[in-house]
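Chain by chain, the residues run as shown.
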Number of protein chains: 2
Amino acid sequence: MASGDRRRTRHEETVGLILRAAWRLAERDGLAGLSLGELARAMEMRPQSLYTYFPSKQAIYDAMYKQGFEELLACHEALPAQRDPELFLAAAAEAFVDFAAERPSRYQLLFQRTVPGFAPSEESYAVARRALEGMRGWLAGAGLTCERDLDLWRVLLLGLAGEQLANDPGGRRWRQLAAPAARYFVTFARTENGDQK
Amino acid sequence: MASGDRRRTRHEETVGLILRAAWRLAERDGLAGLSLGELARAMEMRPQSLYTYFPSKQAIYDAMYKQGFEELLACHEALPAQRDPELFLAAAAEAFVDFAAERPSRYQLLFQRTVPGFAPSEESYAVARRALEGMRGWLAGAGLTCERDLDLWRVLLLGLAGEQLANDPGGRRWRQLAAPAARYFVTFARTENGDQK
DNA sequence: GTCTATATCCAGATAGAC
DNA sequence: GTCTATCTGGATATAGAC
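Residues numbered from 1 in each chain as written. Chains lettered and ligands numbered in written order. Predicted model: local features only at pLDDT ≥ 70, side-chain atom pairs only at ≥ 80, totals over all residues. Heavy atoms only, no water.

Looking at this structure, how should I read the relation of the copies chain B and chain A?
Each of the two chain copies can be generated from the other by rotation about an axis followed by a shift along it. Once chain B is rotated about the relating axis by 180° and shifted along it by 0.1 Å, it coincides with chain A to within an RMSD of 0.2 Å. These values place the two chain copies in the arrangement generated by a two-fold rotation axis. Of every C-alpha in chain B, the one belonging to G159 of chain B sits nearest the axis of rotation, 1.9 Å from it. A share of 97% of the interface residues of chain B reappears at the interface of chain A, consistent with the copies meeting face to face through the same patch. (Least-squares fit on C-alpha atoms with pLDDT ≥ 70 in both. Contact = heavy atoms within 4.5 Å.)

Here it is, written out as structure tokens:
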């Protein structure tokens, strides 16, 4: 029915607006400092009305987590194709630091475990796994297929973004290290794998 | 005066016990979830009595921050001497991951910026700088003196510890990557520096 | 879907008696 | 130094009228 559809659409629009506002407040007050009162005020609602859209505060964090990984997947798909896998990985590493720098609280929710009591639902975590599988595919494209390679790649991404956010927010000090670090990683992984074979 | 000395000693002892309890609670409830009520209960005090020892909750976080870096410095000094700087850096990287794994909330307070509103005092930050200067010295011992080398070294430490805590707490998955990553870091940095000269 | 009203609980912090 | 008492303001969440 048309009226049912319209109502559902309106509901989902509001859910989207609430998440937008939640990200904005998380940037301003800290992710763990997000409060339903402030969030409601930003939406020009009473705090209780938020429960029409989310059953709990945890559910809001969970929706943010899922949305964050969906955005990361979109960011991955937007990466330009590259013949050279090394150049592709360098661009991917830069894009990851940019992704984190653009919204620090998103990096914090997705990759650090700092919100007391929060754990993603199975459904949301599935999106996170898809992002990781995408990375596994890139490495395979560069001839790197063992689990250790993926683990070290993750170290570089996490470390680059973490240092950039914590010690040079708004700058480029670690961002500019992303490409050489990615090259380092590929050389290292190939050498190590060669040693073992 | 003897009685004055004894009182001061008792006071400082209590401060130490409060910090111990604060770390324990931070591990249990999350660093940002630390509450003065819980902390007082652990000390068998009323919450108000804590103000005899610390003027605010922020001051407690600040003392924890300073203590954490003092512990890191002690950990650095405990590293066995090594003729080979590469072996020394490998051991240092492993020790750093162990340091983080042993008390995740300490890693979180010292190296992530996730407690809403917390910023270290100048005095406490000075201790953090000493720890960083120590690392600079190690790299210099391996012939690595440019700022970029130190930045990439920090990426490795932060990334290794962060992944270990977030995705394999209690395990050794990233810890065992520390030594090979450090060894290759040295090789890579020397090669890069050679290219530039 | 949004509201008023309320429940329940907790936070960090201060004043002043003992 | 520790306590009782209190302030002030928040939090998340639920019930039920409109």
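Picking up after the structure, the text goes on.
What is the right way to read the side chain of D149 of chain A from this model?
Structurally, D149 of chain A is set in helix α7 (residues 147-167). R148 of chain A is the oppositely charged side chain nearest to the buried, salt-bridge-free D149 of chain A, at an N-O distance of 5.9 Å. (Helix = DSSP H or I, 4+ residues; strand = E, 2+ residues; numbered from the N terminus. Buried < 20%, exposed > 50% of the residue type's maximum accessible area, 1.4 Å probe, protein only. Lys, Arg positive; Asp, Glu negative; His and termini not counted. Salt bridge = Lys/Arg side-chain N within 4 Å of Asp/Glu carboxyl O.)

Explanation requested: the protein's contact with DNA strand D in the structure shown.
In the region of DNA strand D, 16 residues are neighbours, and S35 and Q48 of chain A together with H11, Q48 and Y53 of chain B sit closest. What you see for DNA strand D is that sugar and phosphate hold 65% of its atoms within 4 Å of the protein. Side-chain polar atom of S35 of chain A to a phosphate oxygen of DNA strand D: 2.5 Å apart, as the coordinates give it. The separation between a phosphate oxygen of DNA strand D and a polar side-chain atom of H11 of chain B is 2.7 Å. Counting residues per element, the ones that place at least two in the surface near DNA strand D are α2 (36-42) of chain A together with α1 (2-29) of chain B. By residue class, the composition of the surface near DNA strand D is five nonpolar, eight polar and three charged. (Near = heavy atom within 4 Å. Polar contact = N/O pair within 3.5 Å; in protein donor to acceptor, adjacent residues only side chain to side chain. Nonpolar A, V, L, I, M, F, W, Y, C, P; charged D, E, K, R; others polar.)

What is the right way to read the nonpolar core from this model?
Nonpolar side chains in soluble globular proteins tend to end up buried together. With 140 residues, the main nonpolar core has M64, W153 and F185 of chain A together with M64 and W153 of chain B as its most contacted residues. Among all residues touching M64 of chain A, those that are not within four sequence positions of it are L19, A22, W23, A26, L31, L34 and L109 of chain A. (Core = buried A, V, L, I, M, F, W, Y, C linked by side-chain atoms within 4.5 Å.)

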